[in-house]
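Close look at the chain arrangement
Residue-level listing of the chains:
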Amino acid sequence: RCNHLRRCSAAAAAFSTLKPTAAAPQAPPLGKYAVPSRYLQPHPSNNITPHIASLVGRDLHLRPSHPIGIIRSKIQEYFASLSTDNNTTYTIFDAEDPIVTSQQCFDDLLIPSDHPGRAPSDTYYVTDSSLLRTHTSAHQSQHLRSGVDAFLCCGDVYRRDEIDATHYPAFHQMEGVKLMSNESMIGADGLNEEQWLQSPECQLIEADLKATLEGLMDHLFGPTEKRWNDDFFPFTQPSYELEIYHNDEWMEVLGCGVIHEQVLHLSNRSDRRGWAFGLGLERLAMILFKIPDIRLFWTEDERFHRQFKEGKIVEFQPYSKFPPVFKDIAFWTNDESTANQDDFVENDFFDLVRSTAGDLVEKIELIDSFTHPKTGRSSRCYRISYRSMDRNLTNEEIDGLQFKVRDETATLGCELR
């Protein structure tokens, strides 16, 4: 999990007097995939909400003066500079269809059929076999099959997740892939898995990968201390996590590894070897711009957008700090006929609240849970924090939303307490 980024109250207070613009800004034009009806299909497996459908096609990563777009451009700028050093040109893909097949998103990447990431509790499905991509790696096999040897793929991805300042159901990733030259990999022919992992060729790929990504971090953050940790991803072997030391703490910034042989085989590139990495643009932008709440990336408030210019990394200046409104909700998640059996899916509840109240929901936390000793029924109590980034909320307004949340909770098979 990402570390939560906090702004001190003194800084927030210092900028609370900034005035909003007189008129609301005109929203930028939407991308070609901004067609909500495309995602809200009447299919029994479809679990995409209107709120999620409204986010698709916003193309924040393609806005040159948006923090997400600025980070994307700086990463692409760095990889473009490498072409003069090692004669590698990275093809750019940043407008791919967000609907992919389960084969693209999971099977081609060796993600097991029972992996929790494939469950409807974690993934937004359009139909049984199509979904909103959960990572940009979903496009890896198609681009490898097309014959591209090095590329960067950037786009919006979607996951059902918890609700707090660093998690949002839509975010942006950058995927990078590079295949090594055949000449440099001649010694890898005919090796079994154990021999390959110990081979000079595998170590060459690892060294090239790490040097490339360490250079990227210096490009974004300036010279900084780094450390590598062993990790596991089904589609790379070996796999690593990169951390940097920034603002007096170690922070994870990306995952990467040597592309698994079977992934290359499934992509019809068994004759090649290479590496891949993936990183979250919001993660980097929150650190570099010091943006405290991930919801801010999606606002159209001019007080946010006028602070950023194409190609420039500047510290975000808070323009308001409105008080939160807290509401609790408690419910049974099963009845006596299903005592000691609880099929409640927390992400279903989070999605329900987000669909009802949108981005007014700042955080949801579980504050109490217990199982009745006699009936075996399970109870949960959540505290919902409502806070607007643009205006004061009234109790009357939030009471109305909370009543809707209470009514909708019954659709999950829960009984209010």
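Residues numbered from 1 in each chain as written. Predicted model: local features only at pLDDT ≥ 70, side-chain atom pairs only at ≥ 80, totals over all residues. Heavy atoms only, no water.

1. Regarding helix 13 (residues 395-409)
Helix length check: helix 13 (15 residues) gives 20 Å between terminal C-alpha atoms against 21 Å at 1.5 Å per residue, within 8%. Taken together, the buried positions of helix 13 are occupied by Ile398, Leu401, Gln402, Val405 and Thr409. End-on view of helix 13: buried residues confined to an arc of 100°, all on one side of the axis. In helix 13, the exposed residues that point more than 90 degrees away from the buried face are Glu396, Phe403, Lys404 and Asp407. At its buried positions, helix 13 is contacted by strand 10 (325-332), helix 12 (346-357) and strand 12 (378-386). (Helix = DSSP H or I, 4+ residues; strand = E, 2+ residues; numbered from the N terminus. Expected span 1.5 Å × (residues − 1). Buried < 20%, exposed > 50% of the residue type's maximum accessible area, 1.4 Å probe, protein only. Arc of directions from axis to C-beta. Contact = heavy atoms within 4.5 Å.)

2. As for the confidence of the model for the protein
Looking at the protein as a whole, the pLDDT averages 91, with 92% of positions reaching at least 70. Of the regions scoring below 50 in pLDDT, residues 1-24 engages in 39 contacts with residues more than four places distant in sequence or in other chains. (pLDDT = per-residue confidence, 0-100.)

3. Considering the pairing of strand 5 (residues 170-179)
In terms of burial, strand 5 is a largely internal element, 10 of the 10 residues being buried. A two-sided burial pattern is seen for strand 5, the buried positions comprising Ala170, His172, Met174, Gly176 and Lys178 on one face and Phe171, Gln173, Glu175, Val177 and Leu179 on the other. With 9 bridges joining them, strand 4 (residues 150-158) and strand 5 adopt antiparallel strand pairing. Considered in strand 5, the bridge of Cys153 is made with Glu175. Note that strand 5 and strand 9 (residues 274-280) share 7 bridges and pair antiparallel. Residue pairing in the sheet places Lys178 in a bridge with Trp275 of strand 9. (Pairing = 2+ DSSP bridges.)

4. Some words on the packing of helix 12 against helix 13
Contact geometry of helix 12 with helix 13 gives a least axis separation of 10 Å together with a crossing angle of 140°. When the interaxial angle is binned, helix 12 and helix 13 end up oblique. Here helix 12 runs over helix 13; the crossing is right-handed. Counting all contacts with helix 12, which are made through Phe349, Leu352, Val353, Thr356 and Ala357, the residues of helix 13 involved are Leu401, Lys404, Val405, Glu408 and Thr409. For the contact of helix 12 with helix 13, the per-class residue count stands at 6 nonpolar, 2 polar and 2 charged. (Axes fitted to C-alpha atoms, helices over the stretch in contact; angles between N-to-C directions. Parallel < 35°, antiparallel > 145°, perpendicular 65-115°, else oblique. Left-handed = near helix turned anticlockwise from the far one by under 90°. Nonpolar A, V, L, I, M, F, W, Y, C, P; charged D, E, K, R; others polar.)

5. Here's the deal with the sheet that holds strand 11 (residues 361-371)
Across the sheet, 4 strands lie side by side as 11-12-10-13; this open sheet has antiparallel pairing. Each of the sheet's edge strands pairs with one partner strand only, and the pair in question is strand 11 and strand 13 (415-416). With 9 bridges connecting them, strand 11 and strand 12 associate as antiparallel partners. When the sheet's bridge partners are listed, Leu366 is paired in strand 12 with Tyr382. Helix-sheet contacts for helix 12 involve strand 10, strand 11 and strand 12, and the interaxial angle to strand 12 is about 35°. Helix-sheet contacts for helix 13 involve strand 10, strand 12 and strand 13, and the interaxial angle to strand 10 is about 15°.

6. Considerations on helix 12
Under the 1.5 Å per step criterion, the end-to-end length of helix 12 is 17 Å for 12 residues, consistent within 8% with the ideal 16 Å. Here helix 12 has its buried residues at Asn347, Phe349, Phe350, Asp351, Leu352, Val353, Arg354 and Ala357. Where helix 12 is buried, its residues meet helix 3 (50-55), strand 10, strand 11, strand 12 and helix 13. At the C-terminal side of helix 12, Gly358 shows a positive phi close to 60°.

7. Brief notes about the packing of aromatic side chains
Under the counting rule described, the total for this entry stands at 20 aromatic pairs. Here Trp275 and Phe277 contribute two aromatic rings whose centre-to-centre distance is 6.2 Å and whose plane-to-plane angle is 40°, an arrangement assigned as tilted. The pair formed by Trp275 and Phe277 is uniform in burial state, with each residue classed as buried. With centroids separated by 5.7 Å and ring planes inclined at 55°, the aromatic side chains of Phe304 and Phe316 adopt a geometry described as tilted. Residue Phe304 is found in helix 11 (residues 302-305), and its partner Phe316 is found in the loop between helix 11 and strand 10; the two are separated by 12 residues along the sequence. In this structure Phe316 comes out as buried when scored by relative accessible area, which is 2%. The rings of Tyr78, Phe79, Tyr90, Trp275 and Phe277 are connected pair by pair, giving a single aromatic cluster. In this structure, Lys210 packs its charged tip against the face of Tyr240, placed 4.2 Å from the ring centre. If you follow Arg417 out to its NZ or CZ, it ends over the ring of Trp332, 5.0 Å from the centre. (Phe/Tyr/Trp six-rings, centres within 6.5 Å; stacked < 30°, edge-to-face > 60°. Lys NZ or Arg CZ within 6 Å of the ring centre and 35° of its normal.)

8. Some thoughts on the side chain of Thr123
As for its position among the elements, Thr123 is in the loop between helix 5 (102-105) and strand 3 (130-132). In this structure Thr123 comes out as buried when scored by relative accessible area, which is 0%. A polar side-chain atom of Thr123 sits 2.5 Å from the main-chain carbonyl oxygen of Gly117. Setting aside anything within four residues of it in sequence, one finds Thr123 in contact with Asn47, Phe106, Gly117, Arg118, Leu131, Thr134 and Arg160. (Polar contact = N/O pair within 3.5 Å; in protein donor to acceptor, adjacent residues only side chain to side chain.)

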